Amino acid sequence: MTLPRSSAPANGADDMGWRNFPSHSAFQTWSLRPRVPRLGAMATRLYTHPIFLEHLTPPGHPERPDRLRAIERVLDDEAFSALDRVKAPEGDEKTILYAHPENFVERVRAAIPQSGIVSIDADTSASPKSWQAAVTAIGAANAAVDDVFEGRASNVFVAARPPGHHAEKATAMGFCLFNTAAIAARHAQKKHQAERVAIVDWDVHHGNGTQDIFWDDPSVLYCSTHQMPLYPGTGAKSETGAGNIVNVPLAPRTGSDMFRDAFRSRVLPSIDAFAPDLIIISAGFDAHHRDPLAEINLTEDDFDWATGQLMERAGRHSSNRLVSLLEGGYDLQGLAFSVAAHVGRLMKG
Ligand SMILES: [Zn+2]
C-alpha cells in the first residue's frame, strides 16, 4: 500500500532524478489507484495551463518549468484517469488587490521584461510571460474556491507556477510574485461569504508572505510546518499575530514521526478550534527527503497522511471544501511522487 520509494537523498538541484524514475509500467503496480467515482459523484479537479511553463527562471534555478512537466507526466498515468482536468481560466487582475496594494502590483507589472529574464530580487525573476502566468495561477486558485463552494468538485489541486507563499503585501520574493493562497482566501470571503478560512502550509520554507498578509486578521488561520533555521528566517513559534498564526518550526533532519507528531499536536487542534469554512493547502513538497533546498526527511507517505488528515478536518468543519495549491518542491522525482500521493489521496474522497 505504498508508493515506490525514492532512493537516497539527492545532493543537487539537477534533473538526474529521472534516471531513477519508474517507467510507465512501474506505475501499473501502484496500489493507491483511486476508486472510480460513482456516477454523478463529484470528482477531484485539477487545474493547470501551458502558460505556467512560460514563466522562465535563469539556467540552474530550482524553480523551473520542468517541475510542472514532472507533475504532468506522473498524473498522466491511468491511475489518475478519473481526475477532472480543467484548463485554468484567465485570472481577474483586480483580485490581486485582495492581498497587495496597487502601487506594488504596478511595480511588478512594470518590472516584466519585453524579452529575456530580469531579477526582481536575488532569487526571484520574471520573463515576458510571468505576468500572465501569475495572474492565471490566481485565476485557477479562485476558480478552485468557486468549485468547492458551488459543488462542481469534491476538492481541487492547482498545479501552477510561480508559487506564492513568500510574497508579502508589498514584496515579491522567494520565487513568488503574488500570494495566490492569500488571494484565494480573500476571494472565498468576498464571493462566498466564508467567515473563516484556514491556510495550512506544509512547504518546508515558512510562508512569511501569508503570515504578513494575515498578521492582524483573525478571520484567517495560518498554520505552517517548516524547517528552522532556513530561508526566509521567519516562522518562530512566538510569532502568533492576532492569535491566528500557528508556526510549527521543525529542526533539520526531522523525519516522519516527528512531523506527524507536530501536525497532530499543533496543526490539527488549531483547525478544530477555528472550525474553518474552507481549508486551503499551501502544498509545497520540498520537505521530501530528496529535496536539495532543505533537510527535512519526509516521504510520499507523509504527504498522503497529511492530506488525509486535512480532508478529515474539511469533512468535519468545512463541508469537505478543500483547495490545494502547489508551492515548492525542487527534486523532480520527490516532487512527482509526492504530488501523486497527495492527489491520489484527494481522489479517494
Ligand atoms: Zn519551499
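Preceding this section is the structure that the text describes.
Residues numbered from 1 in each chain as written. Predicted model: local features only at pLDDT ≥ 70, side-chain atom pairs only at ≥ 80, totals over all residues.

Caption draft 1: Representation of the overall build of the chain. From N to C terminus, the chain includes nine helices and ten strands. Counting every position in the chain, which comprises 349 residues, the buried fraction comes to 52%. Considering only intrachain contacts with a sequence separation of at least 6, the fraction spanning at least 24 residues in the chain is 76%. (Helix = DSSP H or I, 4+ residues; strand = E, 2+ residues; numbered from the N terminus. Buried ≥ 20, exposed ≤ 12 C-beta atoms within 10 Å, placed from the backbone. Contact = placed C-beta atoms within 7 Å.)

Caption draft 2: Geometry of the nonpolar core. In terms of nonpolar packing, the biggest core is built from 93 residues, with Ala141, Ala144, Val158, Ala184, Ile280, Val323 and Leu325 touching the most fellow members. The element that contributes the greatest number of residues to this core is helix H4 (residues 130–150), accounting for eleven residues. (Core = buried A, V, L, I, M, F, W, Y, C linked by C-beta atoms within 7 Å.)

Caption draft 3: Representation of the pairing of strand E9 (residues 278–283) in the model. Along E9, six of the six residues are buried, which leaves the element largely enclosed by surrounding structure. Alternating residues of E9 divide into Leu278, Ile280 and Ser282 and Ile279, Ile281 and Ala283, and every residue in both groups is buried. Summarising the sheet, strand E6 (residues 197–201) and E9 pair through five bridges and their orientation is parallel. Bridging from a neighbouring strand, Ala198 pairs with Ile279 of E9. Sheet topology places E9 next to strand E10 (residues 322–326); five bridges connect them, and they run parallel. Its bridge partner being in E10, Ser282 is matched across the sheet by Leu325. Tracing the backbone out of E9, into helix H8 (residues 300–317) and back to the parallel element E10 gives a crossover that is right-handed. (Pairing = 2+ DSSP bridges. Right-handed = clockwise from strand over helix to strand, strands pointing away.)

Caption draft 4: Broad picture of the sheet that holds strand E2 (residues 84–87). The eight strands are arranged E2-E1-E5-E10-E9-E6-E7-E8 in an open sheet whose pairing can be described as parallel. Looking at strand neighbours, the two that pair on one side only are E2 and strand E8 (245–250), the edges of this open sheet. Ignoring strand direction, the axes of neighbouring strands in this sheet form an average angle of 15 degrees. For E6 and strand E7 (residues 220–227), the ladder comprises five bridges, and the chain directions are parallel. Looking across to E7, one finds that Ala198 is bridged to Leu221. On top of the sheet, H8 reaches E6, E9 and E10; it is set at about 165 degrees to E9, its chief contact. (Axes fitted to C-alpha atoms, helices over the stretch in contact; angles between N-to-C directions.)

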